[in-house]
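Each chain, written out:
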Amino acid sequence: MRGLIIRSTGSWYEVSIEDGTIVKARIKGKMRLNKFKVTNPVAVGDWVNLELEEDEENIATIVSIEDRKNYVIRQSPRKKHYLHILAANIDQAILIITIREPKLKQGFIDRFLVMTSPYDIPVTIVFNKADLYTEEDLEVYSYLRAVYTSIGYKVLLTSATEDTGIEELKVTLKDKISMISGQSGVGKSTLVNRVQKNLQLKTMELSDYTGKGQHTTTFAEMFDLEFGGKIIDTPGIKTLSYNHLEVMDIAHNFKEFFIVSKECKFGDCTHREEPKCAVKECIENGEISELRYQNYLAILNEIEEQNYWERNTDG
């Protein structure tokens, strides 16, 4: 029996089988992702093969996972030596951020794109809560829109309270399987509820004490859109780290760096202190964003600070 994972709740999964029935399922034995340890070897968006359990109505065992066309993966926030799959088999990712409430940490955008670049997953960057933006905030938005549209990403400006950009977001989502992601507190659930009112995703105010978002989505879940397509709503992200990547993985997944790097003197150039680096030349003449480069260096430094033992031990 074949089914689609539509909700993950830890050790149990909700699976939509081909006749439309929803069954609960658990994994048979241990499953890994290549050489990596994962907290959730099965993810929302996966197609799986099932066996119904005897004497149990609508309870099944997952016996195998079908090959994925792609997946989005991060370091587990709870088990630092493990990975966590956010979603599988998606057509695009929608990254929801805001410049205000909570204040934008711009480096988060590039950290997110490092997760989607390996499979060339299209990303739309949605700047939400536009109704709160000052003139200075709008200048920041215009600058960042120019940076990311110049390297091929779509950028939208939205406000759930004023309906800004809602129709454009609907057009982007229509007839696609979209992973919806973002930092905690950016208004992700409120915005999705505005796109389709009957979803009624839980929302929560920012913490008055920290000014930061709090998690409202606990587990990933897939929803059908009435105008066509599906979304995978994922838990709010506080930080992004990578225990499975090396320096050259990062260099290859800043895509405009990778294109230019063919002109670097050294094939393994990391675009730091090496002579005749084509990437640094492009930064100096304004062809590559200095901001993106600074974010790139910060990620490299973090990866190098995690020594081999720290990144490969069970812990």
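Keep in mind it's a predicted model, so treat the numbers as computed, not measured.

What counts, and where the lines are drawn
Residues numbered from 1 in each chain as written. Predicted model: local features only at pLDDT ≥ 70, side-chain atom pairs only at ≥ 80, totals over all residues. Heavy atoms only, no water. Phe/Tyr/Trp six-rings, centres within 6.5 Å; stacked < 30°, edge-to-face > 60°. Helix = DSSP H or I, 4+ residues; strand = E, 2+ residues; numbered from the N terminus. Buried < 20%, exposed > 50% of the residue type's maximum accessible area, 1.4 Å probe, protein only. Lys NZ or Arg CZ within 6 Å of the ring centre and 35° of its normal. Core = buried A, V, L, I, M, F, W, Y, C linked by side-chain atoms within 4.5 Å. Contact = heavy atoms within 4.5 Å. Axes fitted to C-alpha atoms, helices over the stretch in contact; angles between N-to-C directions. Parallel < 35°, antiparallel > 145°, perpendicular 65-115°, else oblique. Left-handed = near helix turned anticlockwise from the far one by under 90°. Salt bridge = Lys/Arg side-chain N within 4 Å of Asp/Glu carboxyl O. Pairing = 2+ DSSP bridges.

(A) Fine view of the packing of aromatic side chains. Overall, the coordinates contain seven aromatic pairs when judged by the stated rule. Taking the centre distance of 5.2 Å and the plane angle of 70 degrees together, the rings of Phe254 and Tyr296 count as edge-to-face. Taken together, the residues span a long stretch of sequence, with Phe254 in the loop between helix H5 (247-253) and helix H6 (255-260) and Tyr296 in helix H8 (residues 290-305) at a distance of 42 residues. Taken as a pair, Phe254 and Tyr296 share a single burial class, namely buried. Taken together, the aromatic side chains of Phe254, Phe257, Tyr293 and Tyr296 make up a single cluster linked through ring pairs. Looking at Arg2, its charged tip hangs above the ring of Trp47, at a distance of 4.0 Å from the centre. Sitting over the face of the ring of Tyr82, Lys79 holds its NZ or CZ atom 5.1 Å from the ring centroid.

(B) Representation of the environment of Leu297 in the model. For Leu297, the location among the structural elements is in helix H8. The sequence separation of Leu297 and Ile250 amounts to 47 residues, and the corresponding C-alpha distance is 9.6 Å.

(C) Looking closely at the nonpolar core. Leu50, Phe112, Ile125, Phe127, Tyr148, Ile250 and Tyr296 are the most contacted members of the largest nonpolar core, which has 70 residues in total. Apart from residues lying up to four places away in sequence, Ile250 is in contact with Val114, Leu245, Tyr296, Ile299, Leu300 and Ile303.

(D) Inspection of unusual backbone geometry at higher detail. Here the bond from Glu101 into Pro102 is cis, since omega is 0 degrees, no more than 30 degrees from zero. Tracing the chain through its elements places Pro102 in the loop between strand E8 (92-98) and helix H1 (107-116). Unlike most non-glycine residues, Lys129 shows phi in positive territory, near 65 degrees. Turning to its location among the elements, Lys129 is positioned in the loop between strand E9 (123-128) and helix H2 (135-149). Its relative accessible area of 16% is what places Lys129 among the buried residues. Unusually for a residue other than glycine, Asp163 sits at a positive phi of about 65 degrees.

(E) Main features of the packing of H1 against H8. Contact geometry of H1 with H8 gives a least axis separation of 9 Å together with a crossing angle of 65 degrees. The angle between H1 and H8 places the two elements in the roughly perpendicular class. Remark: the crossing between H1 and H8 carries right-handed chirality. Residues Gly107, Asp110, Arg111, Leu113 and Val114 of H1 pack against Arg292, Asn295, Ala298, Ile299 and Glu302 of H8.

(F) Structural view of the pattern of salt bridges. What the rule picks out here adds up to 17 salt bridges. Glu221 is the partner of Arg7 in a salt bridge, and the nearest nitrogen-oxygen pair spans 3.2 Å. Here Arg7, found in strand E1 (residues 2-8), pairs with Glu221, found in strand E12 (residues 221-224); they are 214 residues apart in sequence, far enough to count as distant. Residue classification places Arg7 among the partly exposed residues on the basis of a relative accessible area of 26%. For Asp110, the salt bridge identified is with Arg292, shortest N-O distance 2.7 Å. Here Arg292 lies in helix H8 and Asp110 lies in helix H1, a separation of 182 residues in the sequence. Look at Asp110 and you get buried, because its relative accessible area is 0%. Here Arg292 falls in the buried class, since its relative accessible area comes to 2%. Through salt bridges that share partners, Arg2, Glu18 and Glu66 make up one connected network.

(G) Expanded view of the pairing of strand E2 (residues 13-17). A one-sided burial pattern is seen for E2, the buried positions being Tyr13, Val15 and Ile17 and the unburied ones Glu14 and Ser16. When E1 meets E2, the two strands line up antiparallel, connected through five bridges. The residue bridging Ser8 from the neighbouring strand is Tyr13, located in E2. Hairpin remark: E1 followed by E2, antiparallel, with four residues in the connecting loop; positive phi at Gly10, about 100 degrees. Of the pairings in the sheet, the one linking E2 to strand E3 (residues 22-27) comprises four bridges and is antiparallel in character. What sits directly across from Val15, in E3, is Val23.

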